[in-house]
Structures are given as C-alpha cells and as structure tokens.
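Understanding the architecture of this molecule
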Amino acid sequence: MMHLSASSLLFAACILPQLAYGDGLNTAAVAIRKTYFGTGTDNPELTDTAYVTQLNNTADFGQITPGNSQKWDATEPTQNTFTFTNGDVIADLAEANGQKLRCHNLVWHNQLPNWVTSGTWTNETLVAALKNHITKVVTHYKGQCYAWDVVNEALNEDGTYRESLWYTTIGEAYLPIAFATAAAADSDVKLYYNDYNIEYSGAKATGAQNIVKLVQSYGVKIDGVGLQAHFIVGSTPSKSSQASTMAAYTALGVEVAITELDIRMTLPSTQALLSQQQTDYSNTVGACVETEGCVGITIWDWTDKYSWVPSTFSGQGDACPWDENLVKKPAYTGILTALGGATTATGTWTTSTMSTTSISSTSTSVAAHYGQCGGSGWTGATSCASGYTCTYANSWYSQCL
Ligand SMILES: O[C@@H]1[C@@H](O)[C@H](O[C@@H]2CO[C@@H](O[C@@H]3CO[C@@H](O)[C@H](O)[C@H]3O)[C@H](O)[C@H]2O)OC[C@H]1O
C-alpha cells in the first residue's frame, strides 16, 4: 500500500520536474562531454537475467569494471599459474555490448593469494613476482581495457605510504616499477593510480599527487588518477571541493575518473536520506561534468541487490541508484540531471496535480515518473504509458517500469 504524507508529496514534487525521458546515463554523459557512464559488476550476479538485461543497457552503461575477477587472488591463485576465466566472462560481455572495460586491479594489499601474503620475500624476488604478474595479466587483456588500475590504495589517510608487503619489501619504487611494467606490456592502455578519500583536498589527496609526480620523475607513464568515491549520504564532499581536487590532479597532466562511486546510508533508508543521496550523487557527477579532464564515471554496481556495502559496513546500505528490486531511486534522477539529461527530454506529459503542488511537463514516452503512477492517494495521478507497469519501490514512491 502507498502511504502518502504531506512530506512525501513534497518530496516527490521536488524530484518530478528533474526527470528526463528517452535517454540514459551513458547517453547523457556522452552527449554532455564525450565522457562515459558505467558500472562495476561481478560474476555471481551474471546468473540473474533481469540484472544482466539492465547491465547490457548501453543507454545507461557505456562501460563496465569487473569487481573482483581481475584481482591477484583471482588471476594468479598459485605462483605463475594464471586463471582468466571469470575476468574473460566480463571482458567478453563488455566487448559484445560495445562497452568500455576498466580493468581492476594489478597491485593491491587486499585480495592477495596465500602464496604472496605468506611467502618469504626479498626485494629481488618480490619485484620479480610483481613484474611477472603484471606482465602476464596486462598481456592477456591487451587491447581489451580502456584503463588499468595499476596500483590500488597505496596510501594511509595522512598521505604516507601504507605499510603493505609491497612498500615494506620494495619501498616506494614498487609504484614506478608497476607502472613501467604495465606500460611495457600494453603501450596503449591508460594507467591509473586508484584510491579512496582522495576526492577532496587534504593530506591523502596530496599524497596521491605526489605519487603521480613520483612515477613521472622516473620517466614512467601514468595517465590517470581514479577517485573511488565510496561516499556517505550527507557527508559527501561538495561539488566545488571535488571539482577543485580533480583540477589539482589534471594540472599534473593526468586525467581523472570516478571509478567506484556509491553513497551509503545508515539503514533503514528514509525519504530524507534518499533525497540527500540524490543531491550527493548529483554533486559528485556534476564535479566530473565540470572538469575538463574527468573522462568518466563508474558506479560500484548499479543495484542495492548486489552492492558490496552491507557486507562491508555493518548497518549500512542502499548505496546504489537502483534499489534491491532493480527499481530506479531518486539518485538516478540526480545523476541524470547532473549529466544534463533533463535538457534532452522529449515527448509529452499529461498534467498531474499532487496535493498543493502542480506538476506539468511533457512527454509521450514516459519510461519512469516517480510518485505519479497508480493514483491511490493522489489528486490527478496518471497511469503509466503503454508498455509500462506501475511499480511500488516502497511505501512512498512508485515508478512506471
Ligand atoms: O569474500 C570475498 C569478498 O569480501 C569480496 O568482496 C569484494 C571486496 O572488494 C570490493 O571492491 C573493492 C571496494 O573497495 C575498493 O577499495 C577496491 O578498489 C575495490 O576493489 C568488491 O566490491 C567486493 O565484492 O569479494 C570476493 C569474496 O570472495
């Protein structure tokens, strides 16, 4: 049943005028600045037909990233024995769909196999293992990746180097060694440093800029900085803060991309949290749109059904733009609006009046309009366009799907 309080009416009224029709997130991203919009995905969820149908929707997703299947534990579980089966499934899917593939990742302190974490290493033997891994994996995917996250999360919050096996055994030289090895294996792929909490100014962002300078000082190629953007509703950095930090990276001659965007909240979700999440998504995407060198945006899976958040951050979730029933949330509208999608709307709406707020716009092909379908409790609520069914996402908003 739909329960509509005065505040929910107001909330729905707020988001309705921002909706766009007929285009998707990637279509809008390409149209506004020739950038891409994409999503992380993972092999287990590829058995879910409804999930895969939307993943294949290139109007929304022009790019995909494997969430786990190119990591070290997945690709080299035993020393010098490589397994690309799961990574290939996602790479092949991207190719079949004509989607860009961001490849993730080559050197990280997490998701390493036991032979790496429990090995007895010297500088020389670990450098050899590092180079062998990077060479074999990058060579395997040569020609398929738009970019590689070469090194992931090398920094502490204060901008110093994380005391990983890589740093404690090899020193900071492991970074230029990793980038040089990746460049030697595929001279065309973009090479990224990727981290979280480097999306706003501070010691860690300065540390990331220093990594760019370090690699460059060795005469080694580094093309980009990946801003993971695992944010929290209400604590997401402002658009201007994110844009100015992006500019600090691009001033060094590298591009930036938002690589793992999600914006979590403490559960249960409320209208206010979902509304704030819409704003936070819009600000983050808007920062990329404003930044000349921001080449794309990737969300870290598109539906709450398969988000990594609940299993990682206790009591938190609902971080994605689609909910667990694969229904678009207000966050979707926030993203589309930031991408200028609303300006490309086509069609004719019927006028719908809700409580004291009158909403009128135009559309013939209304794929989705929040809070409007069904009619129960509404004044003048519309029914869905032909071919769409009114679906209740929760007790306070509905959508034609
Ligand atoms: O049991 C493991 C399970 O824990 C693992 O979860 C993945 C962990 O990594 C997640 O991606 C990372 C999110 O944070 C950034 O810092 C990194 O760059 C990302 O790689 C991923 O989404 C989770 O699925 O998955 C494998 C299971 O065996």
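Residues numbered from 1 in each chain as written. Predicted model: local features only at pLDDT ≥ 70, side-chain atom pairs only at ≥ 80, totals over all residues. Heavy atoms only, no water.

Naming follows an unreviewed UniProt entry, where the protein chain appears as Beta-xylanase of Penicillium canariense. According to the UniProt record, the Subcellular location (unreviewed entry) comment for the protein chain reads "Secreted". (UniProt positions renumbered as here; feature names shortened; annotations may be inferred.)

1. Observations concerning the confidence of the model for the protein chain
Detailed reading of the predicted coordinates is not advisable wherever pLDDT is low. Within the protein chain, residue pLDDT values average 85, and 80% of them lie at 70 or more. Strand β4 (residues 147-152) holds the highest mean pLDDT among the elements of the protein chain, 99, whereas strand β12 (residues 357-359) holds the lowest, 29. Of the regions scoring below 50 in pLDDT, residues 393-397 engages in 25 contacts with residues more than four places distant in sequence or in other chains. (pLDDT = per-residue confidence, 0-100. Helix = DSSP H or I, 4+ residues; strand = E, 2+ residues; numbered from the N terminus. Contact = heavy atoms within 4.5 Å.)

2. Quick word on the site of the ligand
Taken together, the residues surrounding the ligand are Asn68, Lys71, His104, Trp108, Gln111, Asn152, Glu153, Gln228, His230, Glu260, Trp300 and Trp308. Side-chain polar atom of Gln111 to an oxygen atom of the ligand: 3.1 Å apart, as the coordinates give it. Here an oxygen atom of the ligand sits 2.9 Å away from a polar atom, N or O, in the side chain of Trp300. Here the ligand, which alone exposes 580 Å², has 59% of that area covered by the protein. Of the residues that constitute the shell around the ligand, the class distribution is three nonpolar, six polar and three charged. (Near = heavy atom within 4 Å. Polar contact = N/O pair within 3.5 Å; in protein donor to acceptor, adjacent residues only side chain to side chain. Areas by Shrake-Rupley, 256 points an atom, 1.4 Å probe, with all protein chains shown as cover. Nonpolar A, V, L, I, M, F, W, Y, C, P; charged D, E, K, R; others polar.)

3. Quick word on the state of the cysteines
Per the stated rule, a full pass over the model turns up two disulfides. Cys103 shares a disulfide with Cys145; S-S distance 2.1 Å. Residues Cys103 and Cys145 are joined by a disulfide whose S-S torsion is about -85°; by sign, that bridge is left-handed. Residue Cys103 is found in strand β3 (residues 100-107), and its partner Cys145 is found in the loop between α7 (123-140) and β4; the two are separated by 42 residues along the sequence. (Disulfide = S-S within 2.5 Å.)

4. Observations concerning the packing of aromatic side chains
Within the structure shown, the criterion is met by 15 aromatic pairs. Considering the side-chain rings of Trp72 and Trp166, the 5.2 Å spacing of their centres and the 25° angle between planes classify their relative orientation as stacked. Remark: Trp166 occurs in helix α8 (residues 165-170) and Trp72 occurs in helix α4 (residues 72-75); sequence separation between them is 94 residues. Like Trp166, Trp72 is buried. Taking the centre distance of 6.0 Å and the plane angle of 15° together, the rings of Phe82 and Phe84 count as stacked. (Phe/Tyr/Trp six-rings, centres within 6.5 Å; stacked < 30°, edge-to-face > 60°. Buried < 20%, exposed > 50% of the residue type's maximum accessible area, 1.4 Å probe, protein only.)

5. Some words on unusual backbone geometry
Geometrically, the link from His104 to Asn105 is a cis peptide bond, its omega value of -10° lying close to zero. Counting through the fold element by element, Asn105 comes out in strand β3. For the bond running from Leu267 to Pro268, omega is 5°, close enough to zero to count as cis. The phi dihedral of Gln111 falls on the positive side, at around 50°, and the residue is not glycine. Of note, Gln111 is situated in the loop between β3 and α6 (114-117). Residue Gln111 is classed as partly exposed on the basis of its relative accessible area, which comes to 28%.

6. Details of the UniProt feature "active site" (unreviewed entry) in the protein chain
According to UniProt, the feature "active site" (unreviewed entry) maps to Glu260 in the numbering used here. Given a relative accessible area of 5%, Glu260 falls into the buried group. Setting aside chain neighbours within four positions, we find Glu260 in contact with His104, Asn194, Leu227, Gln228, Ala229, His230, Thr298 and Trp300.

7. Topic: the nonpolar core
Counting residues in hydrophobic clusters, the biggest one holds 90 residues, and the most contacted among them are Trp148, Val151, Trp166, Leu175, Tyr193, Leu261 and Leu339. Of all the elements, α7 adds the most residues to this core, at seven residues. Beyond its immediate sequence surroundings of up to four residues, Leu175 is in contact with Val151, Ala154, Tyr161, Tyr193, Ile211, Leu214 and Val215. Of all hydrophobic cores here, the second largest spans five residues; its members include Tyr36, Ala147, Tyr192 and Val295. (Core = buried A, V, L, I, M, F, W, Y, C linked by side-chain atoms within 4.5 Å.)

8. Details of the environment of Thr298
Mapping Thr298 onto the fold places it in strand β9 (residues 294-299). Through-space distance from the C-alpha of Thr298 to that of Ile258 is 5.9 Å; in sequence the pair is 40 residues apart. When sequence neighbours within four positions are dropped, the list of residues in contact with Thr298 reads Tyr36, Gly38, Thr39, Gly40, Gln63, Thr65, Arg102, Ile258, Thr259, Glu260 and Leu261.

9. Some words on the UniProt feature "domain: GH10" (unreviewed entry) in the protein chain
On the UniProt side, "domain: GH10" (unreviewed entry) is annotated at positions that read residues 26-338 here. Within the segment residues 26-338, helix and strand shares are 42% and 18% respectively, and the terminal C-alpha atoms sit 12 Å apart.

10. Things to note about the packing of helix α11 (residues 239-250) against helix α12 (residues 271-290)
Between α11 and α12, the least distance of the axes is 8 Å, while the angle of their chain directions is 40°. By crossing handedness, the relation of α11 to α12 is classed as right-handed. Where α11 abuts α12, its residues Lys239, Gln242, Ala243 and Met246 lie against Asn283, Thr284, Gly286, Ala287, Cys288 and Glu290. Partitioned by chemical class, the residues of the contact of α11 with α12 number four nonpolar, four polar and two charged. (Axes fitted to C-alpha atoms, helices over the stretch in contact; angles between N-to-C directions. Left-handed = near helix turned anticlockwise from the far one by under 90°.)

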